[in-house]
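# Structure assessment
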Amino acid sequence: MTAPPSSRILLSIIAACLGFLLSWLLGAGGEPAALTAAIAAAGAWFASRPPSVSPAQAASSDDTPQPSLEEVMEAIDDPMLLVSGQLVTIANSAARATLGDHIVGEDIRLAIRHPAATDRLTLQAESGDAVPGGPIELIGIGQRDRRWELNVHPIQGRGLLVRLADRTGTHAAEQMRVDFVANASHELRTPLATLIGFVETLEDGKAAEDPATRGRFLKIMFGEAKRMQRLVDDLMSLSRIEAEKYSLPQTPIPLAPLIEEVRGALHSGIVADKDRVIVEIAPDVPPVAGDRAQLSQLLHNIIGNALKYGRPGSPVQVSVKLARDNMVKLAVRDEGEGIPAEHIPRLTERFYRVDPGRSRSLGGTGLGLAIVKHIVERHRGRLEIRSEVGRGTLVCVLLPAATAPLPPALSSKSHTNVTEGTPNRSSAHIDPA
């Protein structure tokens, strides 16, 4: 308990008087006695002052109420449940949204219907302590393909705190990495095996002495080597594009001359009839803000795909016009066999092919649309693929005009038809991100 200010003054005066009196009685002169009195008064003053209080002590002594366990659980995005005696006593909003509003007051074995979860929760409820083994993985809770990590923590006097952490995205990313490595290895191993086999055959004197056989083998070997070269080039290109994804291109690029340049290159390399590519460009189209080399690569891929997979001799229509929000819309339409609906969402996956045999025979690496997607992503645009089996495919790319500020990355999950009101058509708005 601390003394009020008036008491502190009185104590200081008393201490000064006592100090002066003692010094005088001990034979000290006037000045030493006065100094002793001053020291005694100061000592009494500081000894009676209130003790200093740290901020942490002040906060602990505050009467502000602490949040309850239920409030803390509600503030966490992961599904969390408090289980007491195998009954769910508290469930936050994320848990109720995932497992249902009925779970409060329900047996935990009915709330989380999974054998592994039942075994862990039952064993931990019986032991009353942490069960060794770490978190466990649950598949199919809430939705069939969702993956969860179950963690159980004992709470003193309250029961068990159960947390479900969503690991679906992490698993999907890891699976994509594994698939990419496996697919890349397979794509390289196949031509390598062919090359090794023909080299071993040519080492045999009989095969090497036959000019026709040697010429046929060398032609196949050259084709396989070129196939590996295209694959390596595409992989390196994809890696460069991904490395530059946060570097926004700002150079104004007019699409009309670039399309004519690509059209001429494809005429000499793929098609015999240049008039097969029909270009229509609106007169008021501004340049786009872009990287010229990457936009050329984008055009080569989507126009080249339309020529390769469209019916022989059928036209490929390329149009460019100004769209909403100061975006430039590039559309490429072919008259091919079309793509079934179940394949469209996966077209931009690396090495994904609708018809693997046909794609390889036409020189495809399976990376073309993946490259297109990443180029569109870097340019903050949007890629849309629409198709109808038996009628053809339409690929649309929306890019920011050079006169407009670059927008954030666009995305859409909607599905529409090539022709409104006609059934049995499929499309996908593919989010470049």
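Calculation criteria
- Residues numbered from 1 in each chain as written.
- Predicted model: local features only at pLDDT ≥ 70, side-chain atom pairs only at ≥ 80, totals over all residues.
- Heavy atoms only, no water.
- Salt bridge = Lys/Arg side-chain N within 4 Å of Asp/Glu carboxyl O.
- Helix = DSSP H or I, 4+ residues; strand = E, 2+ residues; numbered from the N terminus.
- Buried < 20%, exposed > 50% of the residue type's maximum accessible area, 1.4 Å probe, protein only.
- Pairing = 2+ DSSP bridges.
- Axes fitted to C-alpha atoms, helices over the stretch in contact; angles between N-to-C directions.
- Parallel < 35°, antiparallel > 145°, perpendicular 65-115°, else oblique.
- Left-handed = near helix turned anticlockwise from the far one by under 90°.
- Contact = heavy atoms within 4.5 Å.
- Nonpolar A, V, L, I, M, F, W, Y, C, P; charged D, E, K, R; others polar.
- Core = buried A, V, L, I, M, F, W, Y, C linked by side-chain atoms within 4.5 Å.
- Expected span 1.5 Å × (residues − 1).
- Lys, Arg positive; Asp, Glu negative; His and termini not counted.
- pLDDT = per-residue confidence, 0-100.

Taken as a whole, this structure holds 16 salt bridges when the rule is applied. The salt bridge involving R378 is made with E244; its shortest N-O contact spans 3.5 Å. Residue R378 is located in helix α14 (residues 368–378), and its partner E244 is located in the loop between α10 (211–243) and β6 (251–253); the two are separated by 134 residues in the primary sequence. Its relative accessible area of 6% is what places R378 among the buried residues. Beyond isolated ion pairs, a larger network of salt bridges with shared partners links E244, D291 and R378.

All right, on to α14 then. Counting buried residues in α14 gives 11 out of 11 residues, a clear majority hidden from the surface. After α14 finishes, the residue R380 shows a positive phi value of roughly 60°.

Glancing now at the pairing of strand β9 (residues 316–322). The pairing of strand β7 (residues 277–281) with β9 spans five bridges and is parallel. Within β9, the position partnered with V279 by the bridge is V318. Counted between consecutive antiparallel strands, the loop separating β9 from strand β10 (residues 327–333) contains four residues, among which D325 sits at a positive phi close to 60°.

Read from one edge of the open sheet, five strands run β2-β1-β5-β4-β3, paired in antiparallel fashion. The open sheet has two edge strands, β2 (87–91) and β3 (136–139), and neither has a second partner. Looking at each pair of strands side by side, their axes are set apart by 35° on average, direction ignored.

Their axes nearest at 9 Å, the elements helix α12 (residues 292–309) and α14 cross at an angle of 140°. Between α12 and α14, the angle falls in the class oblique. At the point where α12 passes α14, the crossing takes the left-handed sense. Here Q294, Q297, L298, N301, I302 and N305 of α12 lie close against α14, whose contacting residues are G368, L369, I371, V372, I375, V376 and R378. Of the residues belonging to the contact of α12 with α14, the class tally is seven nonpolar, five polar and one charged.

If you look at the biggest cluster of nonpolar residues, it comprises 41 residues, and the most contacted ones within it are L298, I302, I303, V318, L330 and V397. For this core, the secondary structure elements donating two or more residues are α10, α11 (255–269), α12, β9, β10, α14, β11 (382–388) and β12 (392–400). The dominant element in this core, judged by the number of residues it contributes, is α12, at seven residues. Setting aside residues up to four positions removed in sequence, L330 forms contacts with I259, L298, L299, I302, V318, S319, V320, V395, C396 and V397. In terms of nonpolar packing, the next biggest core, distinct from the first, is built from 21 residues, A91, L99, L121 and I136 among them.

An ideal rise of 1.5 Å per residue puts 48 Å on 33 residues; α10 measures up with 48 Å between its terminal C-alpha atoms. Looking at α10, one finds that the buried residues are T213, F217, M221, E224, R227, M228, L231, D234, S237, L238 and I241.

A word on the packing of α10 against α14. Contact geometry for α10 and α14: axes closest at 9 Å, N-to-C directions at 15°. By the angle between their directions, the pair α10 and α14 is classed as roughly parallel. The two elements α10 and α14 meet at a crossing, and its hand is left-handed. Here D234, S237, L238, I241 and E242 of α10 lie close against α14, whose contacting residues are A370, I371, H374 and I375. Of the residues in the contact of α10 with α14, the class split is five nonpolar, two polar and two charged.

Within the secondary structure layout, D234 lies in helix α10. Despite being buried, D234 has no salt bridge partner; R230 is the closest side chain of opposite charge, sitting 6.9 Å away. In contact with D234, not counting residues within four places along its chain, are T365, L367 and I371.

Bringing the environment of S387 into the picture now. The residue S387 is located in strand β11 in this model. Considering only alpha carbons, one finds S387 and E337, 50 residues apart in sequence, at a separation of 9.2 Å.

Residues at a pLDDT of 70 or more form 73% of the protein, whose mean pLDDT is 77. Across residues 409–427 the pLDDT falls below 50, and counting only partners more than four positions away or on other chains, this stretch makes 43 contacts in the model. Counting contacts from residues 429–433, a segment whose pLDDT is below 50, to residues more than four positions away or on other chains yields 23 contacts.

Here we take up unusual backbone geometry. Its identity as a non-glycine residue notwithstanding, D325 has a phi of 60°, on the positive side. Mapped onto the elements of the fold, D325 is located in the loop between β9 and β10. With a relative accessible area of 72%, D325 lands in the exposed category. Phi at R380 takes a positive value of approximately 60°, unusual for a residue other than glycine. Relative to the helices and strands, R380 resides in the loop between α14 and β11.

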